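A closer look at the structure
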Amino acid sequence: MSLLDKAAANARILTRRELATLLEWPDAHELFAAAYEVKCREIGKRVSLRGLVEFGNICEKDCFYCGIRKSNTAVRRYRMDKDEIVREAEWAFKAGYGSVVLQSGELSSESNTVFVEDVLRRIHAFGGDDFGITISLGEQAEETYRRWREAGAHRYLLRIETSNPTLYARLHPADHSWTDRLECLRTLRRCGYQTGSGVMSGLPGQTTEDLAADIEFFAAEDLDMIGMGPYIPHKDTPLGKNTALSPAERAKRLELGLRMIAATRLHLHDVNIAAATALQALDHEGREKGILAGANVIMPNVTDIRFRSDYQLYEGKPCLGENPVLCKGCIERRITSIGETAVLNGRGDSPRWEKRTSAAKHASIG
Ligand code: SAH
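Just so it is clear, the model here is predicted, and its values are computed rather than measured.

1. What to know about the site of the ligand
Neighbouring the ligand are 18 residues; Tyr65, Ser104, Arg159, Glu161 and Ile232 lie closest to it. Between serine 104 and the ligand, the recorded distance is 3.2 Å, taken from a backbone N or O atom to a nitrogen atom. Take arginine 181: an N or O atom from its side chain is 3.5 Å from an oxygen atom of the ligand. Alone, the ligand offers 560 Å² of accessible surface; in the complex the protein occludes 92% of this. Of the residues belonging to the shell around the ligand, the class tally is 10 nonpolar, four polar and four charged.

Written as structure tokens, this is what we have:
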């Protein structure tokens, strides 16, 4: 039996070495096709949509790779007001996106916690329990995570960035802690969130072994959702200055991102995996390629174009001038063009999470 068949037949049995072999599989298309088959079997030919609202770029963190890091003075800082955020979330709701993702730079003040709480309550008031609310607001105190959960958020995305603490330390200032970030992920789970994490691929100094270990990490932490993307340099950052990618490097970086999606699907089977916008930054059809390599979630941007260009984590962010209406038509066409269907008006919860919660319910009834 080939390794691809073995992986497709049984979830979560591969060793680190086997994961590395998948990541370096000689025929990339064969790898993608095997992962896509598992995606279709576990999830169907369906893509879940989340409207992405990038509501602010003010950030207390100083990650060496990120365009909105605190020390980047070339960025015009903004934070939308509550009405604007709620209006954009409502647009996603009416468009049938089924859920919204609120993302911003990281802020830890009490006033920010209250601000987000208010926004969540207002979105939950019109969307109810059938409209998913995901937040991606960085490392916070347990109390904050709990308050946001009670206000209506039920999924959280916090990328570990890399499962290798030594590599993490090289990509962040000394006061950013890999262990604290991991602790946050575990706290999120305890607070009852569907928990998502992920990594960047193609980071300087990152090896295939590191990426294989990242996939092992996803399994060990039993994550519900995975959001990964290629690292793309940003010229106004310490890591990205003087490192613009050549066309050949972009193609390689895209392929590596797709290989990570495929190997993750082949190992984990039943999690939600996003085809990140960074894939599209490298290739117009990057997100469709992500679906065909095993992803099942796309996050169309519903941020008003007035704000989009100020939320550039990396260079070459796509669709800066496209309003949400254009994005909607475009994404639906793209999904149909590959023979998939966009799930409308469904929360698109992670099958992994659904299984876990229904098992817990049965255990408590029994
Ligand atoms: N502040 C929040 C969310 C915003 S950043 C948080 O800390 O979770 C969202 C993600 O963008 C990061 O987790 C990182 O993986 C990704 N990102 C940042 N800079 C990037 C770059 N140069 N290339 C690709 N992805 C990047």
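Having put the structure on the table, let's press on.
2. Details of the pairing of strand S6 (residues 194-197)
Side chains Gln194 and Gly196 of S6 all project onto a buried face; the interleaved residues Thr195 and Ser197 project onto the opposite face, where all are buried too. Strand direction decides the pairing type here: strand S5 (residues 155-157) and S6, joined by three bridges, are parallel. Across the sheet, arginine 155 pairs through a bridge with glutamine 194, a residue of S6. Judged from the two bridges that link them, S6 and strand S8 (residues 225-230) form a sheet pairing that is parallel.

3. A few points about the side chain of histidine 267
Positionally, histidine 267 belongs in helix H10 (residues 247-268). In this structure histidine 267 comes out as buried when scored by relative accessible area, which is 3%. Setting aside chain neighbours within four positions, we find histidine 267 in contact with Ala11, Arg12, Ile13, Leu14, Leu19, Ile215 and Ala219.

4. Side note on the nonpolar core
By size, the foremost hydrophobic cluster in this structure holds 102 residues, and its most contacted members are Leu102 and Leu266. The dominant element in this core, judged by the number of residues it contributes, is H10, at eight residues. Apart from the residues within four sequence positions on either side, leucine 102 is in contact with Val53, Phe55, Ile85, Val119, Leu120, Ile123, Thr134, Ile135, Ser136 and Leu137. Of all hydrophobic cores here, the second largest spans seven residues; its members include Leu52, Val101, Leu157 and Met225.

5. So, the packing of aromatic side chains
Taken as a whole, this structure holds 10 aromatic pairs when the rule is applied. With a centroid separation of 5.0 Å and 75 degrees between ring planes, the pair formed by tyrosine 145 and tyrosine 156 is classed as edge-to-face. Remark: tyrosine 156 occurs in strand S5 and tyrosine 145 occurs in helix H6 (residues 142-150); sequence separation between them is 11 residues. Of the two residues, tyrosine 145 and tyrosine 156, both sit in the buried class. The lysine or arginine in question, arginine 149, covers the ring of tyrosine 193, its NZ or CZ lying 5.9 Å from the ring centre.

6. As for the state of the cysteines
Applying the stated rule across the entire model yields zero disulfides. Cysteine 191 takes part in no disulfide bond, and the closest cysteine sulfur, belonging to cysteine 184, lies 9.9 Å away.

Cut-off values and rules
Residues numbered from 1 in each chain as written. Predicted model: local features only at pLDDT ≥ 70, side-chain atom pairs only at ≥ 80, totals over all residues. Heavy atoms only, no water. Near = heavy atom within 4 Å. Polar contact = N/O pair within 3.5 Å; in protein donor to acceptor, adjacent residues only side chain to side chain. Areas by Shrake-Rupley, 256 points an atom, 1.4 Å probe, with all protein chains shown as cover. Nonpolar A, V, L, I, M, F, W, Y, C, P; charged D, E, K, R; others polar. Buried < 20%, exposed > 50% of the residue type's maximum accessible area, 1.4 Å probe, protein only. Helix = DSSP H or I, 4+ residues; strand = E, 2+ residues; numbered from the N terminus. Pairing = 2+ DSSP bridges. Contact = heavy atoms within 4.5 Å. Core = buried A, V, L, I, M, F, W, Y, C linked by side-chain atoms within 4.5 Å. Phe/Tyr/Trp six-rings, centres within 6.5 Å; stacked < 30°, edge-to-face > 60°. Lys NZ or Arg CZ within 6 Å of the ring centre and 35° of its normal. Disulfide = S-S within 2.5 Å.

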